[in-house]
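Architecture and fold: a report
Single-letter residue listing:
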Amino acid sequence: MFQVQVSARALSPFVELVGVERVEAVARAAAVARAAIGPHTVWNVNSTAAGGGVAEIIRSLLRYARGVGVEVRWLVIEGPPEFFAITKRLHNALHDNAGDGSVLGAREAALYERVLAQNFAEIERLLRPGDAIICHDPQTAGLVPHLRRLGERVVWRCHIGHEGPGAEADAGWAFLRKYLEEVPIAVFTRSAYVPSWFPCAHAVTIPPNIDPFSVKNQWMPEPSTRAVLGTAGLVERGGACCSVYVREDGATEEVTRRAEVIRVGGPPAWSTPLVVQISRWDRMKDHAGLLAGFARLIEQGQDLGSELVLAGPAQRGVADDPEGPEVLREVTRAWGELPDGVRRRVHLAELPMADADENAAIVNALQRHAAVVVQKSLREGFGLTVTEAMWKRRPIVASAVGGIQDQIRDGVEGLLVHDPTDPAETASALGRILASPALADTLAGAAHERVRERYLSLTALERWGALVQLLYT
Ligand code: UDP
């Protein structure tokens with residue numbers, strides 16, 4: 001287990017985004033929460049410090065909680081690959097997906113419990129009476145009974161979900177239920193994700209948020225965007241600017257590492273319209289389906305010279321996602337089987353993960369430069385990449401699954417693909433946006449507004465404060 005450092009951030013920069021009254025209201029609510037928490041610490045525990053939506057959400061919330069004077073800390077559990085194989089199976093199951101189809105039985109439960117007991121032994125040494133602890137996702141659910149025994153104030157937050165019953169989802173919940181029955185509060189992304197056996201009165205809904213001032217989302221002028229992407233090998237080098245960005249600690253830095261890209265020729269020209277999906281190498285992100293949709297777009301002659309970039313974390317960088325390397329191999333195989341004329345227009349990019357800020361700067365630049373951002377998921381609890389692209393005023397094509405249906409109203413903030421298994425529907429949505437800059441602009445402007453109203457970390461802080469206050473009443 002290790003701790004992640006998060007530096008405090010003031011709320012004041014939000015004034016230019018949402019106005020002074022709104023910021024002052026949140027600051028007042030935060031003061032009430034801080035008073036309720038008193039001298040105690042609010043801990044967060046999850047299983048990765050980088051490389052996915054959950055790490056992103058935790059970081060973008062904790063820095064502002066710290067900024068308003070709440071003592072918050074972040075712990076990351078560790079375990080052997082067999083543990084993460086089980087938790088990945090659980091992750092897939094809660095999306096009602098069979099994943100690798102492995103058994104979730106007594107042996108798996110024993111291993112899961114053993115690893116969490118070891119992590120708990122380390123966590124216990126840090127806790128003081130009266131502290132609160134928020135455990136995130138299936139990886140940490142097994143900590144809940146230990147923490148309850150200790151008399152801690154515990155919340156379990158689940159970032160995954162599936163609407164309604166399903167055989168796999170039921171199996172996942174059957175595994176987790178005994179750890180969660182006594183949790184006083186559980187947080188879900190959408191109310192549709194609360195499992196039927198969980199008491200509604202103990203369930204709270206908080207949608208995920210983004211931090212508009214993080215390295216991932218901070219404003220990046222076009223010359224820097226070009227230089228960052230040129231240095232990373234994602235577009236042709238050009239322009240006179242340096243690949244600069246502002247680190248989380250405020251220092252100015254340059255991107256220096258290159259992405260590992262599987263492609264036929266060189267990087268696309270700066271002027272080439274890019275269709276971009278950024279996601280973990282996970283089957284539910286449906287990279288193969290997007291390849292098929294893009295191939296169809298080219299076959300139909302509606303591509304307008306665009307190229308497709310599928311980007312995700314370099315596979316050495318993400319400890320809790322054991323299926324990643326295998327999925328990347330499958331995507332590479334699918335790419336290799338594309339007709340020659342399509343394959344040379346597709347780039348599979350592993351983004352460097354050695355420095356989380358540098359990775360975020362590259363993601364930022366890629367999203368800003370995209371002509372269309374896609375999230376072709378088959379399942380999606382809530383697509384943070386969608387919110388990030390909406391904030392950057394990009395036109396979006398996304399599957400009408402899970403939380404994406406809350407994020408985007410079809411034809412208003414983006415285009416939804418209702419049958420994600422149909423390449424023709426994806427191709428048609430891409431073609432409509434590429435063909436109409438006016439449509440692209442309208443969607444992108446509405447998307448930005450939607451995020452401003454609903455999905456910024458300021459709003460999340462307000463809800464988080466109310467939640468933590470519940471623990472101390
Ligand atoms: N992400 C990243 N680097 C990568 C790939 C993804 O920082 O190489 C980030 C992405 O920008 C987003 C998060 O990981 O913030 C993915 O969150 P999302 O909710 O879209 O999917 P999840 O990974 O949680 O299923």
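One structure accompanies this document, and this report is about it. Computed from a predicted model, the values in this text were never measured in an experiment. (Residues numbered from 1 in each chain as written. Predicted model: local features only at pLDDT ≥ 70, side-chain atom pairs only at ≥ 80, totals over all residues. Heavy atoms only, no water.)

Peptide bonds are mostly trans, and most non-glycine residues show a negative phi. In this structure, D96 takes a positive phi of about 60° despite not being glycine. Classification of D96 as buried rests on a relative accessible area of 17%. Phi at D286 takes a positive value of approximately 50°, unusual for a residue other than glycine. With respect to the helices and strands, the residue D286 is situated in the loop between β11 (274–278) and α10 (287–299). (Buried < 20%, exposed > 50% of the residue type's maximum accessible area, 1.4 Å probe, protein only. Helix = DSSP H or I, 4+ residues; strand = E, 2+ residues; numbered from the N terminus.)

Moving on: the packing of helix α2 (residues 20–37) against helix α18 (residues 457–471). Interaxial distance between α2 and α18 falls to 9 Å at its minimum, and their mutual angle equals 25°. With respect to their mutual orientation, α2 and α18 come out roughly parallel. Both α2 and α18 take part in a crossing whose hand is left-handed. Counting all contacts with α2, which are made through R22, V23, V26, V32, A33, A36 and I37, the residues of α18 involved are L458, T459, L461, E462, G465, V468 and Q469. (Axes fitted to C-alpha atoms, helices over the stretch in contact; angles between N-to-C directions. Parallel < 35°, antiparallel > 145°, perpendicular 65-115°, else oblique. Left-handed = near helix turned anticlockwise from the far one by under 90°. Contact = heavy atoms within 4.5 Å.)

We now examine the site of the ligand. Around the ligand there are 18 residues in total, and R280, K285, N359, L384 and E388 lie nearest to it. The separation between an oxygen atom of the ligand and a polar side-chain atom of K216 is 3.0 Å. Coverage of the ligand by the protein amounts to 92% of the 540 Å² it exposes when considered alone. Among the secondary structure elements, those contributing two or more residues to the shell around the ligand are α3 (53–67), β12 (307–313), α13 (356–369) and α14 (384–391). At three residues, α14 tops the list of elements feeding residues into the shell around the ligand. (Near = heavy atom within 4 Å. Polar contact = N/O pair within 3.5 Å; in protein donor to acceptor, adjacent residues only side chain to side chain. Areas by Shrake-Rupley, 256 points an atom, 1.4 Å probe, with all protein chains shown as cover.)

A separate point is the environment of H162. Structurally, H162 can be placed in the loop between β5 (153–158) and α8 (167–180). Put simply, H162 and A440 are 278 residues apart on the chain and 30 Å apart in space, counted from C-alpha to C-alpha.

The next point concerns the environment of W270. The topology assignment puts W270 in the loop between β10 (260–262) and β11. The spacing of W270 and G239 is 31 residues in sequence and 9.8 Å in space, taken between C-alpha atoms.

With that out of the way, let us pick up the sheet that holds strand β1 (residues 2–4). Within the open sheet, the seven strands sit side by side as β1-β3-β2-β4-β5-β6-β7. Their pairing is mixed. Each edge of the sheet is formed by a strand with only one pairing partner; in this case those strands are β1 and β7 (203–205). This sheet shows a mean twist of 25° between the axes of neighbouring strands, independent of strand direction. As judged from the three bridges shared by strand β6 (residues 185–188) and β7, these two strands associate in the parallel manner. Within the sheet, the bridge partner assigned to F188 lies in β7 and is T205. (Pairing = 2+ DSSP bridges.)

Right, let's get into the pattern of salt bridges. Between side chains of opposite charge, pairing is possible as soon as their charged atoms come close. Inspection of the entire model under this criterion finds 32 salt bridges. Residue R177 pairs with E181 through a salt bridge whose shortest N-O separation is 2.8 Å. For R177, a relative accessible area of 34% gives the class partly exposed. Since its relative accessible area comes to 47%, E181 is described here as partly exposed. For E413, the salt bridge identified is with R450, shortest N-O distance 3.9 Å. Taken together, the positions of E413 in the loop between α15 (404–407) and β16 (415–417) and R450 in helix α17 (residues 437–454) put the pair 37 residues apart, joining distant regions of the chain. With respect to class, E413 is no different from R450; both count as buried. Via salt bridges that share partners, R9, R63, D211 and E248 belong to a single interconnected network. (Salt bridge = Lys/Arg side-chain N within 4 Å of Asp/Glu carboxyl O.)

This part takes up empty space enclosed by the protein. What the rule picks out here adds up to six cavities of 30 Å³ or more. Roughly 80 Å³ of internal volume is contained in the second largest cavity. Every residue lining the second largest cavity is listed: N44, I57, I58, L61, L62, I134, H136, R157, V187, I206, W464 and L467. The class makeup of the residues in the lining of the second largest cavity is nine nonpolar, two polar and one charged. (1 Å grid on protein atoms, 1.4 Å probe; cavity = no way out; pocket = protein on both sides within 12 Å on 5 of 7 lines; lining within 4 Å. Points joined across faces, edges and corners; volume = space filled by probe spheres on them. Nonpolar A, V, L, I, M, F, W, Y, C, P; charged D, E, K, R; others polar.)

Where burial is concerned, most of strand β13 (residues 346–351) is hidden: six out of the six residues are buried. What you see with β13 is no split at all: V346, L348 and E350 on one side and H347, A349 and L351 on the other are buried throughout. In this sheet, β13 lies alongside β10 in antiparallel orientation, the contact comprising three bridges. Within β13, the residue paired with I262 across the bridge is L348. Two strands pair when backbone bridges link them, and β12 and β13 are joined in this way by six bridges, in the parallel orientation. Each residue of the ladder has a partner; that of A311, found in β13, is A349.

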